[in-house]
Amino acid sequence: MDAQQIGKGKFVVPIGPQHPALKEPGHFEFTVDGEIVTGASVRLGYVHRGIEKGAENRNYTQAMYLMERVCGICSHVHATAFALGTEKLAGITAPPRAQAIRSLVGELERIHSHLLWLGVAAHEGGFDTLFMYSWRDREVVMDLLEGLTGNRVNYSVNVIGGVKVDVDDAQRDAILKGVDFLEERTHHYIKIITTDETLLGRTVGVGVMTKEQAIELGAIGPTGRASGLERDVRVDAPYAGYKDFPVRLVTDEAGDLQARFVVRMKELLESYRLIREILDHLPTGDLTVRAPRRIPAGETVSRVEAPRGELFYYIKSNGTDMPERVKIRTPSLCNWASVINLAPGYKLADMPMILSGIDPCFSCNDRLIKVNDRSVSQVWTWEDLRQHGIEYYR
Amino acid sequence: MSIGAMIGDILRSLFKKPATQRYPYERYPTPDRLRGKLFYDPTKCTGCQLCIKDCPSDAIELIVLDKVNKRFVMRYNIDRCTYCAQCVQNCRFDCLSMSNEQYEMAALQRQPFEVFYGRDEDVQFLLERATREDPEAQPCQPPA
């Protein structure tokens, strides 16, 4: 969608790429009629880092650590998706204990991501008290992750063929204690987001998306589930430990911003239940299996459920110890269509809330840059394109 | 429906200690597994270089002075390290470990970011050789 064409003869409010309300760079143009938004466009690509290209000259283990840095919030799911894909290509399966620990860390990460989102969304709505308290409580889960894995953000739990960290009794007790506290707080937050009048005024009936629209716009993750879309990779195609520890799907029918709050908070409760179940029935055995350095030639896809929705990896191997191609599609990218299609009809002041409602992660989804040269039109083969890519990054 | 649903939290917090920590003055006890500065023990090393092969950020380098007599010096670039602990995982002889106490490594010069691990005489030998070959270089600069 071209911003210039939409904005012709109308009043356009540009937001970003540098804007105090946005934590990451993204450019939005809203055409307005008074206070009401009549059109919206988004332009991405400001934080393109060439990660996919970078993976092509690293070996599989090094590439996994690079993938972990695609996203600062959901780093573990990226490494899990890459490790699962590589293991599939290599024809090995990580032991059950390793798979369960992958799911355990994945759920702890989901808790920290959803609590972070609750704070950010409340902050965009002007409810800074909720922002402060939810982030204070988020420290509990951050400390658990630090104690379990050794770092607050990039956990580095995975290796190709298993995991590095084990859960001992002390860790188990600490996690259970933390989860009990967080569950109590989550019930409190659910009460606040469903009863506080100031927040309800900002969320109820704002950014409504029906189930049909959600399917049409390709919405995924909690954004889609808040519109009644029953889609969750953990349920549809269980990976890692989710085969042994099934997840109950959380959906809501309302489709507005409040439903997105409720769905994410209820997913937290589901995560607490799952963590307790994993810790109670943690399989015994090894943490790793031996993985070959050279991965047999082939291609595969790997799907996992990130806190924001389905994360998709495509890995192609040519038989060496480096991947030939890695393609990543992060969930934020799928949800942009819902933002720009839902925005018309609502007030300009609602835009930050609708934007943050999908839990956008800008750096994650910048997979390409548009090299804009309108004067020349040419058709490139894959080889030409590849050569251009190599020259571009040199 | 209610107005000010969080007023109770605020009033209770008035009588509690702050949730934040006065960090440089009061230190939070670090967990045992915290991944901090890397340490290398040359006595057990066989020079297999598996740690270097998988390092995602090219932070470690093994300088082999004499493979038969096991004289190794490891150059560790702290500023490049991502603290992923893959080298510790790869080492089969427990030569590498990560400290959970040394994690504040910020510095104003580049010099402290370059650390040499090995027997004292080996490190001394290496540094002297570097100065001999390039008298202009800083004393800690290793051979190219």
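These lines cover the structure that appears in this document, whether it is placed above or below. Throughout this document, residue positions are counted from 1 along each chain, in the order its sequence is written. Whichever chain is written first becomes A and whichever ligand is written first becomes 1, with later ones labelled in order. Where local features are concerned, this predicted model is filtered to residues with pLDDT of at least 70; where side-chain atom pairs are given and counted, the filter is 80 or more; whole-chain, interface and lining totals use all residues. Each side-chain value is worked out from all heavy atoms of the structure, with water and hydrogens disregarded.

## Digging into the overall build of chain B
- The way it works is that DSSP assigns letters per residue, a run of H or I at least four long becomes a helix, a run of E at least two long becomes a strand, and they are numbered from the N terminus. Counting secondary structure elements, chain B contains four helices and five strands.
- The N-to-C order of helical and strand elements in chain B reads α-β-α-β-β-α-β-β-α.
- Against the compact-globule benchmark of 15 Å for 144 residues, chain B has a radius of gyration of 22 Å, which places it well outside the compact range.
- Counting only C-alpha atoms and orienting by the principal axes, one finds that chain B spans roughly 75 × 35 × 25 Å.
- Exposure classes here rest on a 1.4 Å probe applied to the protein chains alone. A residue is buried below 20% of its type maximum, exposed above 50%, and partly exposed in between. Out of the 144 residues in chain B, the part that is buried amounts to 38%.
- Note on definitions: a residue-residue contact is assigned when non-hydrogen atoms from the two residues lie within 4.5 Å. Relative to all contacts within chain B whose residues are 6 or more apart in sequence, the contacts with residues 24 or more apart total 65%.
- Areas reported as accessible are Shrake-Rupley estimates using a 1.4 Å probe. Residue values count occlusion only from the protein chains shown. Accessible area for chain B stands at about 9,500 Å²; split by element, carbon and sulfur atoms hold 53% of it.
- In this tally, Asp and Glu contribute negative charge and Lys and Arg positive charge; neither His nor the terminal groups of the chain are included. For this purpose, a charge sits on NZ of Lys, CZ of Arg, CG of Asp or CD of Glu. Averaged over its 20 positive side-chain charges, chain B has a centre that lies 7 Å from the centre of its 20 negative ones. To get the radius of gyration, use the C-alpha atoms; to get the globule rule, take the number of residues to the power 0.38 and multiply by 2.2 Å.

## Some points on the overall build of chain A
- For chain A, the count of helices and strands is 16 helices and eight strands.
- Taking 21 Å as the expected radius of gyration for a compact globule of 394 residues, we find that chain A reaches 22 Å, a close match to that expectation.
- Within chain A, the fraction of its 394 residues that count as buried is 58%.
- The contacts of chain A with a sequence gap of at least 6 include a subset with a gap of at least 24, amounting to 71%.

## Let's talk about the sheet that holds strand E3 (residues 71-77) of chain B
Residues and elements named next belong to chain B.
- In space, the three strands of this open sheet follow the order E2-E3-E5, with antiparallel pairing throughout. Since the sheet does not close on itself, it has two edges, and those belong to strand E2 (60-66) and strand E5 (114-117), each with one partner. Direction aside, the axes of adjacent strands within the sheet are offset by 20° on average.
- In this structure, E2 lies alongside E3, joined through six bridges in antiparallel fashion. Counterpart to glutamate 61 in the pairing with E3 is arginine 75.
- Against the sheet, helix H4 (residues 120-133) contacts E2, E3 and E5, and its axis sits at roughly 70° relative to E3. Here the rule is simple: two strands pair whenever DSSP picks up at least two bridges between them. Axes here refer to lines fitted to C-alpha atoms; in helices the fit is confined to the stretch in contact. Angles between the N-to-C directions go from 0 to 180 degrees.

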